[in-house]
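Architecture and fold: a report
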Amino acid sequence: MAITNRIACSDRKIQRVVMPFGLLVSAVILFALPQPNLFTVQGFPVLAYVAFIPVFLLVRLVSWKTVWLYGLLYGVGSYCLFTYWLATFHPMGIFVISFMYGFYLMLTFPLLKAADSLFPKRGWLVQWVVWCGYEYVKTLGFAGFHYGVTAYTHWRWTPLIQCADIAGVWGLNALIVFTSAWCTAVIVQANRTAAGGGFRAAVRMIPAAVKTHALSACLWCAVFVAVLVYGFVSPVDYSQDKTVTVALVQQNSDPWVGGVNAYRRDLDTLMRLSDEALASDPAVQLVVWPETAFVPRITWHYKHLYERDKFELVEKLLNYIDAAPVPFVIGNDHGVDGYTRSGSYDVVDYNSVLLFRPGENVVPPQPELYSKMKLVPFTEYFPFEKLFPKLYQLLLNGDTHMWEPGTEAVVFDVGGLKFGSPICFEDTFGFVGRRFVNAGANAIVNLSNDAWSKSPACQYQHLSMALFRSVENRIPSVRATASGQTAIIDPNGKITAMAEPFAQTYLTGSVPVRSMDKKTLYTRYGDYAGIFFAVCAGILLVLGVILKIARRGCADVCTEKNTDC
């Protein structure tokens, strides 16, 4: 008897500790593997369909007292593994992101458990809605972050991503996450039916559980087929469109590292590569340099001669562009005299895109200008410096470049190519691309710098999100990056050309000039699908609480009257 009791106690300990830990580790790994990762930049997208089974099982298995802790550990572990490259930028970066998502999931896991508790028969469906709502909500606000959104795992599966022009990434997101919720429902029912008969008994019960959930599986299959068919019939034909040829320059360096000598070196490299691109293709009509490819403030240093060496670099750059045969789009740390956020009168900096037209606005420099609106939280923008002065100072002491956000989605026009220029992080947000298109853009020209990461996975994760902006709005995109992935993307999200990463090189290609007479549903209505899931999740959980209270009240009345309810 004593031995039997010890075995039973051991089994309970395994269920309480070992199983939850195993599910947690599995969940963390399955979160990272479908995306571009440390092992392959292509990712393993098929794993996305089962990635959240351990999550949904875990919240059922653990207690209310510990479910929040597992949410914290899952968030921290997932983003440490997924965005490991942030440690290259600054240890503070990976610390902030991982614990921020640890906090988000610390709140989300109890909601998932509540869904299961409040809806005993259909809790898995509510969990699906809650998770889809969470993935949308996490992209909102100052700290919004699209990295890790499930739909981006399918960036190479061109037919499946075409539905993004209807519902953005959120429709595809729901389609993928559903399979994890459904499989969890089957596993849970098979285990309940086995009634403690062990693993083998539960496996034997799976066919019966699948049969019970056959209708929902058939509905999912019908939707999946419909999405796939739409993916084959919906791509736009742009073969007859007028084109503009662009040259995208990739200098393969982090422009912020090294001071004035590095600025001089990078300028020479950028000019050399631009000359080579122009010589290789006389049809080039626009040259694009990456984000802050030229760091010294062009208009400010031209006006102020406080730093002679930087003024000379600015003068060299302007003379080069003014003699060029085509316009140049340049990323620059644009500075103006004004009042900073702290209230002092100083140089106010913007992360900007400057369009120079030789012979028109180069000398003196009066470029057409766009300033980044959606800045990277904590490393480019922190609006709570007065509320958290110590944290703000800690950020300033790190490798950060704090800028003021721009306010207007400026659209440039070169040869009929009307383009918006989201800067780096901005092209991971659907609403930013949509804002440019609604302002008149028929193309996206993105300027990025991921060179600091020294990570192919980081660059491909960025690319995987950027190409969705083309599908959502049915416009072409080009990306000029410091070290990769410099690419040309057609209006259907297909990468038509890409430069070799981590090399000093350039990429030339034709970009179709799209007619924007007919806008997509996503362009017109934005992230309505994401909002739908977030709102539905809240309504369902509140409704579940109300119903539970009502059922409890009914049960109390029946008990008092000694009748059956």
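Criteria and cut-off values
Residues numbered from 1 in each chain as written. Predicted model: local features only at pLDDT ≥ 70, side-chain atom pairs only at ≥ 80, totals over all residues. Heavy atoms only, no water. UniProt positions renumbered as here; feature names shortened; annotations may be inferred. Salt bridge = Lys/Arg side-chain N within 4 Å of Asp/Glu carboxyl O. Buried < 20%, exposed > 50% of the residue type's maximum accessible area, 1.4 Å probe, protein only. Helix = DSSP H or I, 4+ residues; strand = E, 2+ residues; numbered from the N terminus. Phe/Tyr/Trp six-rings, centres within 6.5 Å; stacked < 30°, edge-to-face > 60°. Lys NZ or Arg CZ within 6 Å of the ring centre and 35° of its normal. Pairing = 2+ DSSP bridges. Axes fitted to C-alpha atoms, helices over the stretch in contact; angles between N-to-C directions. Core = buried A, V, L, I, M, F, W, Y, C linked by side-chain atoms within 4.5 Å. Domains from an automatic or database assignment. Contact = heavy atoms within 4.5 Å. Polar contact = N/O pair within 3.5 Å; in protein donor to acceptor, adjacent residues only side chain to side chain. Expected span 1.5 Å × (residues − 1). 1 Å grid on protein atoms, 1.4 Å probe; cavity = no way out; pocket = protein on both sides within 12 Å on 5 of 7 lines; lining within 4 Å. Points joined across faces, edges and corners; volume = space filled by probe spheres on them. Nonpolar A, V, L, I, M, F, W, Y, C, P; charged D, E, K, R; others polar.

With an unreviewed UniProt entry as reference, the chain is termed Apolipoprotein N-acyltransferase, source organism Treponema brennaborense. In UniProt, the chain has this text filed under Pathway (unreviewed entry): "Protein modification; lipoprotein biosynthesis (N-acyl transfer)." You can read under Function (unreviewed entry) in the UniProt record for the chain the words "Catalyzes the phospholipid dependent N-acylation of the N-terminal cysteine of apolipoprotein, the last step in lipoprotein maturation."

Time to look at the pattern of salt bridges. Throughout the structure, instances matching the rule amount to 13 salt bridges. In this structure, arginine 265 and aspartate 266 form a salt bridge, with 3.1 Å as the shortest nitrogen-oxygen distance. Residue classification places arginine 265 among the partly exposed residues on the basis of a relative accessible area of 43%. Overall, the relative accessible area of 2% leaves aspartate 266 in the buried class. The salt bridge partner of arginine 272 is glutamate 276, with a shortest N-O separation of 3.3 Å. Residue arginine 272 and its partner glutamate 276 are located together in helix α11 (residues 259-280), separated by four residues, close to a single helical turn. When its relative accessible area of 34% is taken as the criterion, glutamate 276 is described as partly exposed.

On to the packing of aromatic side chains, then. Considering all chains together, one arrives at 37 aromatic pairs under this definition. Between tyrosine 101 and tyrosine 104, the ring centres sit 5.1 Å apart and the planes meet at 80°, which makes this aromatic pair edge-to-face. Residue tyrosine 101 and its partner tyrosine 104 are located together in helix α5 (residues 91-118), separated by three residues, close to a single helical turn. Residue classification places tyrosine 104 among the partly exposed residues on the basis of a relative accessible area of 22%. Relative to tyrosine 134, the ring of tryptophan 131 has its centre 4.9 Å away and its plane inclined at 55°; by these criteria the two rings are tilted. Residue tryptophan 131 and its partner tyrosine 134 are located together in helix α6 (residues 123-137), separated by three residues, close to a single helical turn. With relative accessibility at 1%, the residue tryptophan 131 sits in the buried group. Given the relative accessible area of 9%, tyrosine 134 is considered buried. Sitting above the plane of the tryptophan 64 ring, lysine 113 keeps its charged end 5.9 Å from the centroid.

With that settled, the discussion passes to the sheet that holds strand β11 (residues 495-498). The strand order β6-β7-β8-β9-β10-β11 describes an open sheet built from six strands, whose pairing is mixed. Pairing within the sheet leaves two strands with one partner each, and these edge strands are β6 (411-414) and β11. With strand direction ignored, the average angle separating the axes of adjacent strands in the sheet is 20°. Of the strand pairs in this sheet, strand β10 (residues 487-489) and β11 are connected by three bridges, and their pairing is antiparallel. From the neighbouring strand, alanine 487 faces β11, where its bridge partner is methionine 498.

Our focus in this paragraph is the UniProt feature "transmembrane region" (unreviewed entry) in the chain. Within the UniProt annotation, "transmembrane region" (unreviewed entry) is assigned to residues 14-33, 39-59, 66-86, 92-112, 214-233 and 528-547. As annotated, residues 39-59 comprises 33% helix and 0% strand, and the C-alpha atoms at either end are separated by 29 Å. Across residues 214-233, the secondary structure splits into 100% helix and 0% strand, with the terminal C-alpha atoms separated by 29 Å.

Residues Tyr74, Phe109 and Trp131 are the most contacted members of the largest nonpolar core, which totals 128 residues. If one sorts the elements of this core by residue count, helix α8 (residues 164-194) sits on top with 16 residues. For this core, the domains that each give at least three residues are domain 1 (1-235 + 527-553) and domain 2 (243-524). Ala247, Met271, Leu278 and Leu317 belong to the second-largest nonpolar core, a separate cluster that totals 30 residues.

Moving on to the environment of serine 371. Structurally, serine 371 can be placed in strand β5 (residues 368-371). Separated by 18 residues in the primary sequence, serine 371 and valine 353 place their C-alpha atoms 6.3 Å from one another. When sequence neighbours within four positions are dropped, the list of residues in contact with serine 371 reads Tyr350, Asn351, Ser352 and Gly406. Here serine 352 takes part through its side chain, which lies 2.9 Å from a polar atom of the side chain of serine 371.

A word on α11. For α11, with 22 residues, the first-to-last C-alpha span of 31 Å sits near the 32 Å given by 1.5 Å per residue. Every buried residue of α11 is accounted for by Val260, Ala262, Tyr263, Asp266, Leu267, Thr269, Leu270, Met271, Leu273, Ser274, Ala277 and Leu278.

Moving on to empty space enclosed by the protein. Applying the stated criterion to the full structure yields two cavities of 30 Å³ or more. Estimated volume of the largest cavity: approximately 70 Å³. Lining the largest cavity we find Leu30, Phe31, Pro34, Gln35, Ala48, Ala51, Phe52, Gly148, Thr150 and Thr153. Among the residues making up the lining of the largest cavity, the classes are represented as six nonpolar, four polar and no charged. The volume enclosed by the second largest cavity comes to roughly 40 Å³.

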